[in-house]
Amino acid sequence: MIFFIRNCRVRVSFYFFALLCVAAFLDRRGIMMWGLLAALLHEGGHIAAMLLIPEKTPDRISITPFGIRIENTPLCEFGNGNAFILAAGSGANFLCASVTFGFLPEFAAVSLVMGIFNLLPVESMDGGGMLLILFAKFMNGNSAVRMLKIVSYMTLCAMAVSGIYVLIVTGYNFTLLGATASLALSEIKRKTGRNNNRRGSIQ
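Everything numeric here is computed off the predicted structure, so don't read it as measured data.

Turning our eyes to something else, we now look at the overall build of the chain. A tally of regular secondary structure across the chain gives seven helices and four strands. In the chain, the succession of α and β elements from N to C terminus is β-β-α-α-β-β-α-α-α-α-α. By the burial criterion, 34% of the 203 residues in the chain qualify as buried. Contacts spanning at least 24 positions in sequence make up 56% of the contacts within the chain whose residues lie at least 6 apart. Per element, the accessible surface of the chain, about 12500 Å² overall, is 67% carbon and sulfur.

Given below as structure tokens:
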């Protein structure tokens, strides 16, 4: 399905709707469905904030089972409006959690966790982008990026240690460890993509 918001082309994959159907029929507790809706709400917050700033309006948005891809200038750039856009995703989750807490506690809890998770000071997360903007106010761009990498590494190490501790204590809960592994893989993928781009530009 393809539609337009202003000059932004939005494409929703058929497989995304298929995943929603599978989640609705197979996920008895509804956690997967709530997670998908919380993720959509989070990205919707980013998109709404972009639309409020004309020069930040995205060119294309693709919604697939693997996530939402927003094609626009990088959100972690140091320009005006980027911190607002980065914070809008978690802000939408927190607002939804406060509104639905009384009658949809499961969705409120998932949305709250989604908002907090995206504010982690890791390079690939919204929190990392906001921290980079903050660092850039007190140091040059290269130093700000290096500082963010150090904070990201320390955060992932702390999460890994905490995840191992939780797994040992509970004997079965590997949620935090899995989230840490997912973030670490995301960081590796980002670095690999950057290296490939550099090699391509040299050639």
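A separate point is a nonpolar patch on the surface. A contiguous nonpolar patch, built from Phe 94, Leu 112, Ile 116 and Leu 119 and spanning about 310 Å² of accessible area, is present on the exposed surface. Mapped onto the secondary structure, Leu 112 falls in helix 4 (residues 105-118). The class of Leu 112 is partly exposed, set by a relative accessible area of 39%.

Our next topic: the environment of Leu 120. Residue position: Leu 120 is located in the loop between helix 4 and helix 5 (126-136). Along the backbone, Leu 120 and Ser 152 are 32 residues apart, and their C-alpha atoms lie at a distance of 8.7 Å.

Turning our attention to the packing of helix 3 (residues 82-100) against helix 5. Two elements in contact, helix 3 and helix 5, have axes whose closest approach is 9 Å; the angle formed by their N-to-C orientations is 155°. One finds that helix 3 runs roughly antiparallel with respect to helix 5. Crossing of helix 3 over helix 5 shows left-handed handedness. Of the residues in helix 5, those in contact with Asn 82, Ala 83, Leu 86 and Ala 87 of helix 3 are Asp 126, Gly 129, Met 130 and Ile 133. Of the residues belonging to the contact of helix 3 with helix 5, the class tally is five nonpolar, two polar and one charged.

Conventions used here
- Residue indices follow the written sequence of each chain, beginning from 1 at its first position.
- With pLDDT at 70 or above as the cut-off, local features in this predicted model cover only qualifying residues; side-chain atom pairs require 80 or more to be listed or tallied, and sums for whole chains, interfaces and linings still use all residues.
- Remark: hydrogens and water are excluded; side-chain values derive from all non-hydrogen atoms of the structure.
- Helix and strand assignments follow DSSP, with helices taken as H or I runs no shorter than four residues and strands as E runs no shorter than two, numbered in order from the N terminus.
- Burial status follows relative accessibility: with a 1.4 Å probe on protein chains alone, a residue under 20% of its type maximum counts as buried, one over 50% as exposed, and anything between as partly exposed.
- Any two residues having at least one pair of non-hydrogen atoms within 4.5 Å are treated as being in contact.
- Note on areas: Shrake-Rupley with a 1.4 Å probe; residue coverage comes only from the protein chains shown.
- Patch membership is restricted to residues that have no salt bridge and whose relative accessible area is over 30%. Joining uses 9 Å for like charges and 5 Å for the nonpolar side chains Val, Leu, Ile, Met, Phe, Trp and Tyr.
- Salt bridge, as applied in this entry: a Lys or Arg side-chain nitrogen positioned within 4 Å of an Asp or Glu carboxyl oxygen.
- Comment: axis = line fitted to C-alpha atoms, over the contacting stretch for helices; angle = value between 0 and 180 degrees taken between N-to-C directions.
- Orientation labels follow simple angle bins: below 35 degrees gives roughly parallel, above 145 gives roughly antiparallel, 65 to 115 gives roughly perpendicular, and whatever is left gives oblique.
- By convention the crossing between two helices is left-handed if the near helix lies anticlockwise of the far one by an angle smaller than a right angle, and right-handed if it lies clockwise.
- Charged means Asp, Glu, Lys or Arg here, nonpolar means Ala, Val, Leu, Ile, Met, Phe, Trp, Tyr, Cys or Pro, and polar covers whatever is left, Gly included.

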